[in-house]
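Architecture and fold: a report
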Amino acid sequence: MTNNNVPRIAIAGGGLMGRLLAWRLSRQGLDITLFEAGDLSTPGGACWTAAGMISPLSELVHSDRKIYQLGRRSLALWLDWAAELESLSGRPVEFRSAGSLLVAHGQDRSELSQFRRELAGKLSGDISAHLQTLDAAELQQLEPALENFEHGLYLRGEGDINNRRLLPVLLSVLRQQGVSLRERTPVACDSYRVEHQEGKSQFDCVIDCRGLGARDQVEGLRGVRGEVLVVETREVALRRPVRLLHPRYQLYAVPRSDGRTVIGATEIESDDMSPISVRSTMELSTALYSLHPAFAEARIVETRVNCRPATMDNMPYIHSEPGLLRVNGLYRHGYLLAPALAEKVEKIITEQLLQVA
Ligand SMILES: Cc1cc2nc3c(=O)[nH]c(=O)nc-3n(C[C@H](O)[C@H](O)[C@H](O)COP(=O)(O)OP(=O)(O)OC[C@H]3O[C@@H](n4cnc5c(N)ncnc54)[C@H](O)[C@@H]3O)c2cc1C
């Protein structure tokens, strides 16, 4: 504890989870030091690569119901937290809750019915509050650019956030709140202690949010490679995230306010961080072109590759022992899960430290 009895917390990893926790805990008046191995202005973690979709319904079809429940909670929290961060920083984070769209080409229409069936099975019952089946006219009213599609599904209440705006905003809020920022400082984490090049530092609690950097301490943690293209065009203006269901190429397109669209993403069981492959570029581009032919003239302005930190069962992981918490395994769900997980960690810290203090 500091002289005035304020608990001192070290957070290792200045990616999404680390930043969000640093903000939430400093907001409670705790004395926070954030250690980041790389640069905080251009994070090397998966958070900087991601598309920022917050899609509890789309993800439910492929994952455990718990992901859906945490995702719903996160969506509610993002609504308030995004507004608070914007008001504190005076800058937009571009959180949007305009729902998302699933489309399929005529010959793949059964993909949409299959998705609908699977979702109904997972939600056990009436899904009309969550999902609307669209004909061509309804689809075009919602998303005028999708003129080539006859059918679609609208997933109400899904959202997305512009990670390239959010992460710098979080950083500026951490500075405002007096968080001690130690970048280019890789650390190892232990109970009550972090180790870095200059030696060891003692804290009342250490929170390990190093993603794949914690591989040696989190059993079974693995990387799942993802590749993303960012394209720019003024010819196609989407209003919300769109997923193309296709038997071979799955694609999502997330429009940003600056005319760019984030296109993703491959999912490859590998720790390989080398640049995007020709095959992935071709598959993503082909699927994109089939979404709207005007994408053919879009410019590829960026390619991104990173690995998602995933546990053996692809579920998030919070481990707590005296003086040490580990939060990891956010896999492909970082933006979907981080606020709900941060809320749980805040509760653990409050119980362990603040009630004793
Ligand atoms: C291609 C792609 C697309 C994605 N799209 C989405 C999406 O649309 N929606 C969604 O919800 N999720 C998405 N994700 C997943 C999301 O990005 C991750 O789940 C999330 O970033 C994990 O957050 P994290 O803070 O745990 O880890 P990271 O974001 O990886 O951050 C970990 C941080 O720890 C730092 N670090 C590592 N080792 C050390 C050390 N020894 N000492 C100090 N610091 C260290 C790293 O430099 C890094 O900054 C996507 C991921 C990828 C790769």
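Residues numbered from 1 in each chain as written. Predicted model: local features only at pLDDT ≥ 70, side-chain atom pairs only at ≥ 80, totals over all residues. Heavy atoms only, no water.

**Here we look at the overall build of the protein chain**
Helix and strand content of the protein chain: nine helices and 20 strands. For the protein chain, whose C-alpha radius of gyration is 21 Å, the value lies close to the compact-globule estimate of 21 Å for 357 residues. By its C-alpha atoms, the protein chain is 65 × 45 × 40 Å across when sized along the principal axes. Residues counted as buried form 53% of the 357 residues belonging to the protein chain. For the protein chain, contacts bridging at least 24 residues in sequence account for 75% of all contacts bridging at least 6. When the accessible surface of the protein chain is totalled, it reaches about 15,500 Å², and 47% of it is carbon and sulfur. (Helix = DSSP H or I, 4+ residues; strand = E, 2+ residues; numbered from the N terminus. Rg over C-alpha atoms; globule rule 2.2 N^0.38 Å. Buried < 20%, exposed > 50% of the residue type's maximum accessible area, 1.4 Å probe, protein only. Contact = heavy atoms within 4.5 Å. Areas by Shrake-Rupley, 256 points an atom, 1.4 Å probe, with all protein chains shown as cover.)

**Details of the sheet that holds strand E3 (residues 53-54)**
Spatially, three strands are ordered E3-E8-E4 in an open sheet, and the strand pairing comes out antiparallel. The sheet is open, and its two borders are formed by E3 and strand E4 (95-96), each paired with just one other strand. Looking at chain direction, E3 and strand E8 (residues 159-161) are connected through two bridges and run antiparallel. The residue of E8 that forms the bridge with isoleucine 54 is glycine 159. (Pairing = 2+ DSSP bridges.)

**Comments concerning the site of the ligand**
In the vicinity of the ligand, 34 residues are found, and the nearest of them are Met17, Glu36, Met53, Tyr331 and Tyr335. Note that a nitrogen atom of the ligand is positioned 3.0 Å from one of the backbone N or O atoms of valine 187. Tyrosine 335 places a polar main-chain atom, nitrogen or oxygen, 2.7 Å from an oxygen atom of the ligand. Isolated, the ligand exposes 1,000 Å² of accessible area, and the fraction of that covered by the protein chains is 93%. Mapped onto the shell around the ligand, the elements with two or more residues apiece are helix H1 (16-27), helix H2 (46-49), strand E14 (222-232), strand E18 (299-310) and helix H9 (334-354). Tallied by class, residues from the shell around the ligand come to 18 nonpolar, 12 polar and four charged. In this structure, the shell around the ligand is formed jointly by two domains, domain 1 (8-91 + 162-220 + 312-354) and domain 2 (100-156 + 222-310), each of which donates at least three residues. (Near = heavy atom within 4 Å. Polar contact = N/O pair within 3.5 Å; in protein donor to acceptor, adjacent residues only side chain to side chain. Nonpolar A, V, L, I, M, F, W, Y, C, P; charged D, E, K, R; others polar. Domains from an automatic or database assignment.)

**A few points about the UniProt feature "domain: FAD dependent oxidoreductase" (unreviewed entry) in the protein chain**
As recorded in UniProt, the feature "domain: FAD dependent oxidoreductase" (unreviewed entry) lies at residues 8-344. Across residues 8-344, the secondary structure splits into 32% helix and 28% strand, with the terminal C-alpha atoms separated by 19 Å. (UniProt positions renumbered as here; feature names shortened; annotations may be inferred.)

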